[in-house]
Amino acid sequence: MTEAVGGHHRRAGSDRPSTVEESYQGPRRWQALGVGLVAAFMTLLDVSIVNVALPSLDRALNASPADLQWVLSGYALTFGLVLVPAGRFGDVHGRRTAFVFGIALFTATSAVAGLAQSPTWLVIARLLQGAAAGLVNPQVTGMIQQLFQGPERARPFGLLGATIGISTAVGPLLGGLLIAAGGPQHGWRWVFFVNVPVGVIAMILGWRLIPHRPVGQAVRRRADPVGVLLLGTGVTLVLLPLVQREQWRGAATWLLLPAGLVTLAGFALWERRYARQGPPLFDVGLYQVRSYALGSLIALLYFGGFTAIFFIFTLYLQTGLGYSALVAGLAITPFALGSAAASAIGGRIVNRFGRPLVATGLLAVVVGLALVALVIELAPRAPVPWVTAAPLLLAGLGSGLVIAPNQTLTLSQVPVAQAGSGAGMLQTGQRIGAAAGIAVVGAVFFSVVGSDDAWATAFERSLLVSAGIILLALLAALVDIFRHHRRGPVR
């Protein structure tokens, strides 16, 4: 008699592995993690890589400003919509199915986007591509929770944090390189085509290496269509006025935001009620866990300031100062390098230092951004990519001490059976924070540029707004540290 376990079989009564976690000890789980990190890098890269492709895309397809806005924001919108349902699907049915299907859809829609012959074609492809990215990402975080236990999760979460930071920061550089290689007319297509060979390989390796069994004993769970509908509607209503801020003008548009918050409150109430009948789509009781609630708040605020930096910097360099897409990408590279180095270190020491490590990173980011604004003010005629390199390196080092350690601490007390949905909700908050941050910081940037065409002033002021949003995350971390410093080590 045999029993299928984690892609293997064992005889009843034998000493072969009997659970997914046991069968994935050793090199196999690191191989599975490697596939997951490549997929996460690829999907998160597409959040920022398209920014530098917009000018050539505009020329090639004669896209309107509304079309270009949807190419950018449509991806983020559908990405955020499916994170929690996709995470719950992986918790219940196993991560391999959701991961491989998500990668297959992402690969196919990347090819379709690269072949686009009209703006509408490209927008539809981007919407589907974002949904595919939302399917993939919760499976990676959930897989770390499933295959690694306790303190040993710090290293894989450190690698995931480095992946998040690097993919966001290096997007403009890689986009600039691809556009330079492919030419101004068709270089934007290679921004999408580059995903195809990587996606095919990730799909094959994911099927071979990622556990297909759900965590623990499989449990029949009733569907929660009302929860899915409420969450999807709430997230859509919150994100739409943020991502369409330049196209949907007028005060009435912003009424969607409170409507979305009310809908999300209704989702929370419904999930509490549904939990009495069976496992809900998302256990809102997780917010009663201090580490999860605080970490989610810090992530929302940090991504609100962090993501906006690359948006305004790219605009300033390319549109304001006339630098090429490649130079604009190179200018952001110090941040990416600093983030990569610090993430590797932060993942190893987070269990030792806890929340103070995150606070230190947040402080470094705030100081680094303030220095960027200062050097531009003091040296207006100096080459911007050179004078901002050192401050951006400092900010990147700080970022590496924020993303990975905060994610480790936030998910440290989440039960493995809820790892996917917990990570999905955390990432949904990050997407909402990013959209809100870009809306606020972008509004400051365009208001100054529109008034007197002062690109440097616009960049400095909007950069300080980004730093201010991150400062709020720092204050949240400090309040928690000071409140609990007498209760033992802060986690």
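Before reading further, recall that the structure is shown in the block above.
Residues numbered from 1 in each chain as written. Predicted model: local features only at pLDDT ≥ 70, side-chain atom pairs only at ≥ 80, totals over all residues. Heavy atoms only, no water.

> How do you make sense of the pattern of salt bridges when you look at a structure like this?
A side chain with one charge may pair with a side chain of the opposite charge, provided their charged atoms come close. A full pass over the atoms with the stated rule returns three salt bridges. As a salt-bridge pair, Glu152 and Arg29 come within 3.2 Å of each other at their nearest N and O atoms. In this pair, Glu152 sits in the loop between helix H6 (119-147) and helix H7 (154-193) while Arg29 sits in helix H2 (residues 27-48), placing the two residues 123 residues apart along the sequence. For Glu152, a relative accessible area of 33% puts it in the partly exposed group. A salt bridge links Asp46 to Arg126; its shortest N-O distance comes to 3.6 Å. Of this pair, Asp46 sits in helix H2 while Arg126 sits in helix H6, placing them 80 residues apart in sequence. The burial state of Asp46 is the same as that of Arg126; both residues are buried. (Salt bridge = Lys/Arg side-chain N within 4 Å of Asp/Glu carboxyl O. Helix = DSSP H or I, 4+ residues; strand = E, 2+ residues; numbered from the N terminus. Buried < 20%, exposed > 50% of the residue type's maximum accessible area, 1.4 Å probe, protein only.)

> Help me understand the environment of Leu281, please; the structure alone is not making it clear to me.
Position of Leu281 among the secondary structure elements: in the loop between helix H10 (256-274) and helix H11 (290-320). Since its relative accessible area comes to 5%, Leu281 is described here as buried. On a C-alpha basis, the gap between Leu281 and Val228 in space is 7.3 Å, while along the polypeptide they are 53 residues apart.

> Please explain the packing of aromatic side chains as it appears in this structure.
Given two aromatic rings, one states the distance between the centres and the angle between the planes to describe the pair. Taken as a whole and assessed by the stated rule, the structure comprises 19 aromatic pairs. For the pair Trp270 and Tyr274, a centre-to-centre distance of 6.1 Å together with 35° between the ring planes defines the contact as tilted. Of this pair, Trp270 and Tyr274 are both found in helix H10, four residues apart, which corresponds to roughly one turn of the helix. You can call Trp270 partly exposed: its relative accessible area is 22%. Taken together, a centroid distance of 5.6 Å and an interplanar angle of 90° make the contact between Phe445 and Phe446 edge-to-face. Residue class for Phe446 comes out partly exposed when judged on its relative accessible area of 31%. By the ring-pair criterion, three or more aromatic residues cluster together here, those being Tyr302, Phe303, Phe306, Phe310 and Phe335. Above the plane of the ring of Trp207 lies Arg96, whose end atom (NZ or CZ) is 3.9 Å from the centre. It is Arg155 that lies over the ring of Trp30; its NZ or CZ is 4.7 Å from the centre. (Phe/Tyr/Trp six-rings, centres within 6.5 Å; stacked < 30°, edge-to-face > 60°. Lys NZ or Arg CZ within 6 Å of the ring centre and 35° of its normal.)

> Would you take a moment to explain a nonpolar patch on the surface for this structure?
On the surface, a nonpolar cluster with roughly 490 Å² of combined accessible area is contributed by Leu363, Val367, Leu371, Leu374, Leu378 and Leu394. With five residues, helix H13 (residues 355-378) is the single largest residue contributor to the nonpolar patch. One can find Leu363 in helix H13. (Patch = residues over 30% accessible without salt bridge, like charges linked within 9 Å, V, L, I, M, F, W, Y side chains within 5 Å. Areas by Shrake-Rupley, 256 points an atom, 1.4 Å probe, with all protein chains shown as cover.)

> So what exactly am I meant to see when it comes to the side chain of Thr43 here?
With respect to the helices, strands and loops of the structure, Thr43 is situated in helix H2. Here Asn137 takes part through its side chain, which lies 2.9 Å from a polar atom of the side chain of Thr43. Here Thr43 is in contact with Tyr75, Phe79, Phe106, Ala133 and Asn137, once residues within four sequence places are set aside. (Polar contact = N/O pair within 3.5 Å; in protein donor to acceptor, adjacent residues only side chain to side chain. Contact = heavy atoms within 4.5 Å.)

> What is the right way to look at the side chain of Thr408 in this model?
Turning to its location among the elements, Thr408 is positioned in helix H16 (residues 403-411). If near-sequence neighbours (up to four positions away) are discounted, Thr408 is found in contact with Ala154, Phe157 and Val350.

> So what exactly am I meant to see when it comes to the nonpolar core here?
Phe99, Tyr302, Phe313, Leu362, Phe445 and Phe459 are the most contacted members of the largest nonpolar core, which has 111 residues in total. Within the second largest apolar cluster, 25 residues are counted, among which are Val50, Ala63, Val71 and Leu72. (Core = buried A, V, L, I, M, F, W, Y, C linked by side-chain atoms within 4.5 Å.)

Functional significance is not addressed by these values, which are geometric in nature.
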